[in-house]
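Here's the letter readout for the chains.
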Amino acid sequence: MAEQEELVNLTIDGQPVSVPKGSLIWAAAQKLGIEIPIYCYHPKMDPLGACRMCFVEVEKMPKLATACTTTVAEGMVVSTTSAKVKKGRAGTLEFLLINHPLDCPICDKGGECDLQDFTLRYGPGGSRFDLNKRHFEKPIPVSENILLDRERCIACQRCVRFTQTVAMENGLVMEQRGFRIEVGVDPAAPFDSIFSGNVVEMCPVGALTAKNYRFVTRPWELKKTPSVCGNCSVGCNVRVDVRVDKVLRQYSRTNDAIDDGWLCDRGRWDLDWINDTERLRTPLIRRDGQLQPVSWDEALRFVAERLRAVRDQRGARAIGGIGSTHTTNEEAYLFQKLLRAGLGTNNVDHAHGRFPATEPGALPWAWSDSIAGLEQASHIVLLGADPYHRQPIVDLRIRKAIRAGARVYVVTPEANRLDRLVAGVIRYTAGHTGTLARALLNIITSDGLARGEQGAQRAADRRASVAQETPERAAQVAGVDADALRELAREIAGAKGAVILYDEAATLEPSGATLAADVLDLALITGNFGKPGAGAGPLLADNNSLGARDMGLLPDTLPGYRPVGDAAAHAALGGAWLATLPAEPGLSYTEMLSGGVKALYVMGANPARDATPEQLAALDALDFLVVQDLTLTETAQRATVVLPAVAYTEKDGSFTNTERCVQLVRRAMQPLGGAKADWEILVGVARALGLGWTYLSPAEILSEIGRTVPLYAGVTRRSLGAEGVRWPFAPGERTPEGRATITGSPSITWQMLAEGVARAQKPGGELIAPRGRGE
């Protein structure tokens, strides 16, 4: 039984409250809903007590205390509204305003400025200072994206402390002393961090502003919508700020389990593609060699006629579909349903890494722990992964783990932003990530480093397969230090809890065919699985890379990773869809782009961008190519029909992030005129094919997913809540904070996930997930 947390009882403004021992007075007041104004304090950083704004009066203390640095004590009596407190706060504000310019009407922070708000609520009615205020050259660029107005700075030091203690980079510093103190840039360390935008958001005044937002709008003109970022696989929670149907910025929206309250610059500012003036507004059909505008009815009718003709003349296997890692779960589900139930083909896939199942009934791969679980790891190994550029907030979580004492090893071909902070750095020749993984397995299995009975058995099973993959061979073919690999293997084997992360792209390397299975075995053999702060898994590329797989955008598996040849799953899904489904596996992404089909339906993907000359020739030789996208991509330029789609900020739906968390995406703006959501387009095509689909919203589609995809059993928009759910989850089971619980252990193996699939089905294959109502 878990040890009960020790509580401290105190009174604030006459209201009793109990909080954990060691809590700050500020946090105790927050629990009661009592505001204590703060400038220097931030809940994600250690207390500083520099601004003196959070004064409170504590009984039996001779002087006012700062609520952000004073811990609670049993029986403490606190006042936040006494005359002494009011006088102290008013005095602090008067000092801060001595040199602060009164330029609120033109300041970008006006309307969401803590100095403005607190002066109104706690400040003096006027100033006794009648001399000239100080003036500086303005603005000063401190980075490519951020400008500094020095006269507005109140020296709270939030920005500098974030840079140095959270991001662990030395871009910003405090210069000079006393009333001359100001924020500056370290000449030896340019402020080029991908996390730099956080200092703009946390600045309590308008000292640090975003260059692309400066003088653009006022906060009260913005429509603010809670949603999820669509720029990488982490799934950071955001607030989408829109003015006149243009996305101006995304702000962080704290979800401690995923983003820890932070947001990278890519998620914050990389939004031009949504506002692109070149976006498509009308369907296009190629006539006389040129794409010509047509109506939606004509375009949908034409697509249905051509697909039907190819199927009737050449058979269903002549048709293929390439789906997207950027569209929603609901849209990915409908796309593969259209291909399988509507057109009779399993030729459906998307661009992805290689994750073959290691044994019958096992799922392709699994994260065994959460992003937040990285903080509990004693060791973290990045194998061919660069989260700083690919999944930035995972990198920030690793830095937090380093501050907690984790030993991190960066094993990459190129220099990594984490190199100067970690316990070890190992370099090797690009393309050999799989070679190193097998060399580590060789060391573990041959040197007797397996842990536990199951680990020993798995080591015995793998020993022969990696017998030739010695570290000396790895040194010869991959240019790696063999002794460094041996040391790393011993660290992993002896770790209290090690997390091994690799990049999805590494599985596509010549040596990466078995990388996913090898890394998982490495964790299982060394006992680094099934417990907090331990595990193995990939860092996926895009916002819905995992959702695309979950929803069945694969040629050999149905939604929920059930083989297309599984008779029970085949019958159950066919019964739910009222369709006869093909039983033979379809063609892969590469096979479809190599002349394997005559008609190709591409949704939200751009295969021509990275295609080989032979694949481009195959695309040009297709009888029929339909492309659904936002702009006229390289693939769309070759299409017979182009259908204009909308961005994630213009529709409802859900994404599944790299740690299996399913989260709601909410429409933040009106869709671009003439374009439609991908799910609406798919419904239109299905109706033109005579399928009779009646979906009216993504909520209805998600409810069907909850009835037909075992890993998502019972899911509805309502059940996902504000922070999302990690699959497989038990419908209706939620923590006191509102976060759904996982079926079984929070750390799960492939076998356990497979058992979760089995539990969601009756022996005869009938799906028994509860029927949801959507909202």
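The rules behind the values
- Residues numbered from 1 in each chain as written.
- Predicted model: local features only at pLDDT ≥ 70, side-chain atom pairs only at ≥ 80, totals over all residues.
- Heavy atoms only, no water.
- Helix = DSSP H or I, 4+ residues; strand = E, 2+ residues; numbered from the N terminus.
- Rg over C-alpha atoms; globule rule 2.2 N^0.38 Å.
- Buried < 20%, exposed > 50% of the residue type's maximum accessible area, 1.4 Å probe, protein only.
- Areas by Shrake-Rupley, 256 points an atom, 1.4 Å probe, with all protein chains shown as cover.
- Lys, Arg positive; Asp, Glu negative; His and termini not counted.
- Charge placed at Lys NZ, Arg CZ, Asp CG, Glu CD.
- Pairing = 2+ DSSP bridges.
- Axes fitted to C-alpha atoms, helices over the stretch in contact; angles between N-to-C directions.
- Phe/Tyr/Trp six-rings, centres within 6.5 Å; stacked < 30°, edge-to-face > 60°.
- Lys NZ or Arg CZ within 6 Å of the ring centre and 35° of its normal.
- Patch = residues over 30% accessible without salt bridge, like charges linked within 9 Å, V, L, I, M, F, W, Y side chains within 5 Å.
- Salt bridge = Lys/Arg side-chain N within 4 Å of Asp/Glu carboxyl O.
- Domains from an automatic or database assignment.
- Contact = heavy atoms within 4.5 Å.
- Buried area = accessible area lost by both parts, 1.4 Å probe.
- Nonpolar A, V, L, I, M, F, W, Y, C, P; charged D, E, K, R; others polar.
- Expected span 1.5 Å × (residues − 1).
- Polar contact = N/O pair within 3.5 Å; in protein donor to acceptor, adjacent residues only side chain to side chain.
- pLDDT = per-residue confidence, 0-100.
- Core = buried A, V, L, I, M, F, W, Y, C linked by side-chain atoms within 4.5 Å.

Novice: Sorry if this is basic, but what is going on with the overall build of the chain here?
Specialist: Broken down by element type, the chain carries 23 helices and 32 strands. Here the chain has a C-alpha radius of gyration of 28 Å; the compact-globule value for 775 residues is 28 Å, and the two agree. Within the span of the chain, comprising 775 residues, buried residues form 59% of the whole. Roughly 31,000 Å² of accessible area belongs to the chain as shown, and the carbon and sulfur atoms make up 51% of that amount. Here the chain carries 87 positive and 91 negative side-chain charges, and the mean point of each set is 4 Å from the other.

Novice: I'm lost on the pairing of strand 25 (residues 599–603) in this one. Help?
Specialist: Regular strands place side chains that alternate from one sheet face to the opposite one. Judged by how many residues are buried, strand 25 sits mostly within the fold: 5 of 5 residues are covered. Neither face of strand 25 is open: one carries Ala599, Tyr601 and Met603, the other Leu600 and Val602, and all of them are buried. Pairing geometry for strand 16 (residues 319–322) and strand 25, over 4 bridges, is parallel. The residue of strand 25 that forms the bridge with Ile322 is Val602. The pairing of strand 25 with strand 26 (residues 624–629) spans 5 bridges and is classified as parallel. Bridging across to strand 26, Val602 finds its partner in Val627.

Novice: Which parts of the structure should I look at to understand the sheet that holds strand 11 (residues 223–228)?
Specialist: The 3 strands lie next to each other as 11-12-13, forming an open sheet whose pairing is antiparallel. Each having just a single partner strand, strand 11 and strand 13 (246–252) make up the two edges of the open sheet. Geometrically, the sheet is characterised by an average inter-axis angle of 30° between neighbouring strands, direction not taken into account. For strand 12 (residues 237–243) and strand 13, the ladder comprises 6 bridges, and the chain directions are antiparallel. Opposite Arg243, over in strand 13, you have Lys246 as the bridge partner.

Novice: Looking at this structure, how should I read the packing of aromatic side chains?
Specialist: For any pair of aromatic rings, the description consists of the separation of the ring centres together with the inter-plane angle of the planes. In total, this model carries 12 aromatic pairs according to the counting rule given. Among the aromatic residues, those joined into a cluster by ring pairs are Tyr39, Phe118 and Tyr122. In this structure, Arg249 is placed above the aromatic ring of Tyr251, and the distance from its NZ or CZ to the ring centre is 4.1 Å.

Novice: In this structure, what is going on with a negative patch on the surface? I would like to understand it.
Specialist: On the surface, Asp270, Asp272, Asp276 and Glu278 cluster together to form a negatively charged patch. Within the fold, Asp276 resides in the loop between helix 6 (265–269) and strand 14 (284–287). The partly exposed category is assigned to Asp276, whose relative accessible area is 31%.

Novice: Where do I start with the domain arrangement of the chain in this structure?
Specialist: When the parts of a complex come together, some accessible area is lost, and that lost area is often taken as the interface size. Annotation of the chain at the domain level lists domain 1 (7–96), domain 2 (129–269), domain 3 (284–359 + 545–743) and domain 4 (372–533). If you look at the interface, domain 3 gives 8 residues, while domain 4 gives 10 residues. In this assembly, domain 3 packs against domain 4 so that about 830 Å² is buried in total across both faces, 53% of it on carbon and sulfur atoms. Seen at the junction of domain 3 and domain 4, the total is 0 salt bridges. Residues of the side of domain 3 that touches domain 4, tallied by class, amount to 2 nonpolar, 4 polar and 2 charged.

Novice: How do you make sense of the pattern of salt bridges when you look at a structure like this?
Specialist: Note that side chains of opposite charge can pair when their charged atoms are close. All chains considered together, the criterion is met by 43 salt bridges. Among the salt bridges present, the one from Asp260 reaches Arg397, with a minimum N-O distance of 4.0 Å. In this pair, Asp260 sits in the loop between strand 13 and helix 6 while Arg397 sits in helix 10 (residues 392–403), placing the two residues 137 residues apart along the sequence. Residue class for Asp260 comes out buried when judged on its relative accessible area of 7%. One salt bridge connects Asp623 with Arg314, and the closest N-O pair in it is separated by 3.1 Å. With a gap of 309 residues between them, Asp623 in the loop between helix 19 (613–620) and strand 26 and Arg314 in helix 7 (residues 296–314) connect regions that are remote in the sequence. Under the relative-accessibility criterion, Asp623 is labelled partly exposed at 32%. Within the structure, one salt-bridge network assembled from shared partners comprises Arg438, Arg458, Arg462, Glu469, Arg473, Asp518 and Asp521.

Novice: Sorry if this is basic, but what is going on with the environment of Pro582 here?
Specialist: Within the secondary structure, Pro582 is located in the loop between helix 17 (567–577) and helix 18 (589–596). We classify Pro582 as buried; its relative accessible area is 10%. On a C-alpha basis, the gap between Pro582 and Gly14 in space is 70 Å, while along the polypeptide they are 568 residues apart. With sequence-adjacent residues up to four places away left out, Pro582 is seen in contact with Arg340, Gly344, Thr345, Asn346, Val564 and His570.

Novice: Is there a simple way to explain helix 14 (residues 482–494) in this structure?
Specialist: Its 13 residues place the ends of helix 14 19 Å apart at the C-alpha level, agreeing with the 18 Å of an ideal helix rising 1.5 Å per residue. Those residues of helix 14 that sit buried are Ala482, Ala484, Leu485, Leu488, Ala489, Ile492 and Ala493. One side-chain oxygen at the N-terminal end of helix 14 lies 2.9 Å from the backbone nitrogen of Asp483; it belongs to Asp481.

Novice: Sorry, what's going on with the confidence of the model for the chain here?
Specialist: If pLDDT is low for a region, its predicted coordinates should not be looked at in detail. Averaged over every residue, the pLDDT of the chain is 90; residues scoring 70 or more account for 92%. Segment residues 731–775: pLDDT under 50, and 113 contacts once partners within four positions in sequence are set aside and those in other chains are kept.

Novice: Is there a simple way to explain the sheet that holds strand 15 (residues 290–293) in this structure?
Specialist: One key point about sheets: their strands pair by backbone hydrogen bonds, in either a parallel or an antiparallel sense. Taking strand neighbours across the sheet as the criterion, the 7 strands line up as 15-14-27-26-25-16-17 in an open arrangement whose pairing is mixed. Each edge of the open sheet carries a strand with a single partner, namely strand 15 and strand 17 (348–349). Where strand 14 and strand 27 (residues 641–644) come together, 2 bridges link them in antiparallel fashion. The residue bridging Ile285 from the neighbouring strand is Val641, located in strand 27.

Novice: Just checking my understanding: could you explain the nonpolar core for this structure?
Specialist: Nonpolar side chains in soluble globular proteins generally cluster together in the buried interior. In this structure, Tyr39 and Tyr601 are the most contacted members of the largest nonpolar core, which totals 213 residues. Looking at this core, the element that brings in the most residues is helix 15 (residues 515–525), giving 8 residues. Counting 19 residues, the second-largest nonpolar core is a separate cluster that includes Val597, Ala605, Leu619 and Leu625.

Novice: Is there a simple way to think about unusual backbone geometry in this case?
Specialist: It is generally the case that most residues other than glycine have a negative phi and that most peptide bonds are trans. The linkage connecting Lys138 with the following residue, Pro139, adopts the cis geometry, with an omega of -15°. On the secondary structure map, Pro139 appears in the loop between helix 3 (114–122) and strand 6 (140–141). That bond from Trp727 to Pro728 is cis: its omega, -10°, falls within 30 degrees of zero. Among the structural elements, Pro728 can be located in the loop between strand 30 (725–726) and strand 31 (729–734). With a phi angle near 75°, Gln157 is a residue other than glycine that sits in the positive phi range. Mapped onto the elements of the fold, Gln157 is located in the loop between strand 7 (146–148) and helix 4 (158–166). Owing to a relative accessible area of 24%, Gln157 belongs among the partly exposed residues under this scheme.

Novice: How should the side chain of Arg549 be read in this particular structure?
Specialist: Inspection of the secondary structure assignment puts Arg549 in helix 16 (residues 545–550). Of the side chains with opposite charge, Glu504 comes closest to the buried, unpaired Arg549, at an N-O distance of 5.6 Å.

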